Amino acid sequence: MNIQAMMKQAQNLQKEMMKVKEEIDSTEFIGESSLVKVTIKGTKEVVKIEIDKSNSLDADDLEMLEDMIVVAMNTAMKKVDEMTEKKMGKFGNIPGLF
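Just so it is clear, the structure is predicted and the values come from calculations on it, not from any experiment. (Residues numbered from 1 in each chain as written. Predicted model: local features only at pLDDT ≥ 70, side-chain atom pairs only at ≥ 80, totals over all residues. Heavy atoms only, no water.)

Description of the overall build of the protein
The cut-off we apply is this: Strands are runs of DSSP state E lasting at least 2 residues, helices are runs of H or I lasting at least 4, and numbering of each runs from the N terminus. Computed by Shrake-Rupley with a 1.4 Å probe, the accessible areas treat only the displayed protein chains as cover when residues are assessed.
A tally of regular secondary structure across the protein gives 2 helices and 3 strands. Shown N-terminal to C-terminal, the secondary structure of the protein runs as helices and strands in the order α-β-β-β-α. Carbon and sulfur atoms make up 53% of the accessible area of the protein, which totals about 7200 Å².

Right, here's the structure in full:
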């Protein structure tokens, strides 16, 4: 295989990787706990936080709600990492790409 063919193959691989990364970045992931639902993009940008309004909360419940938000956000972030690993893992671990 000559160097030009290798470069062409590398360029095609890079294009495919960028396409997959863009797909992940534009996907929304949802993390939930009992009272909280968090939606984030694949870029890990928070899009929306929803709190179940059917439950009335008093001051004592606010600390619990904060913990639930953390759990929901971490769950959503984990989903981003899982999909990224699933879809980008086929390209191997190439340092410095993402």
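Having put the structure on the table, let's press on.
A short note on the nonpolar core
For clarity, the threshold we go by: As used here, the term nonpolar core means buried Ala, Val, Leu, Ile, Met, Phe, Trp, Tyr and Cys residues forming a set that is joined through side-chain atoms within 4.5 Å. Three exposure classes are used, based on accessible area relative to the maximum for each residue type with a 1.4 Å probe and protein chains only: buried under 20%, partly exposed in between, and exposed over 50%.
F29, L35, V36, V38, I40, L65, M68, A72, A76 and V80 together form the largest nonpolar core, which totals 10 residues. Taken together, the elements giving at least two residues each to this core come down to β2 (36–41) and α2 (59–88). At 5 residues, α2 tops the list of elements feeding residues into this core. Among the nonpolar cores identified, the runner-up in size contains 5 residues, and M17, V20, I24 and M88 belong to it.

Regarding the pattern of salt bridges
Spelled out, the test is: Each reported salt bridge corresponds to a side-chain nitrogen of Lys or Arg within 4 Å of a carboxyl oxygen of Asp or Glu.
All chains considered together, the criterion is met by 5 salt bridges. Among the salt bridges present, the one from D25 reaches K21, with a minimum N-O distance of 3.1 Å. Note that D25 and K21 are positioned in helix α1 (residues 3–26) at a spacing of 4 residues, about one turn of the helix. Given the relative accessible area of 19%, K21 is considered buried. A salt bridge links K44 to D81; the nearest nitrogen and oxygen atoms lie 2.8 Å apart.

Remarks on the pairing of β2
Under the convention used in this document: For two strands to count as paired, DSSP must find a minimum of two bridges between them.
Summarising the sheet, strand β1 (residues 28–32) and β2 pair through 5 bridges and their orientation is antiparallel. For I30, the partnering residue across the bridge sits in β2 and is T39. Here β1 folds back onto β2 in antiparallel fashion, the turn holding 3 residues. Both β2 and strand β3 (residues 46–51) contribute to a ladder of 5 bridges, which runs antiparallel.

A short note on a nonpolar patch on the surface
Definition in use: Residues with no salt bridge and a relative accessible area higher than 30% make up the patches, which join like charges within 9 Å and nonpolar side chains (Val, Leu, Ile, Met, Phe, Trp, Tyr) within 5 Å.
On the surface, a nonpolar cluster with roughly 360 Å² of combined accessible area is contributed by V46, I49, I51, L57 and L62. Owing to a relative accessible area of 34%, L57 belongs among the partly exposed residues under this scheme.

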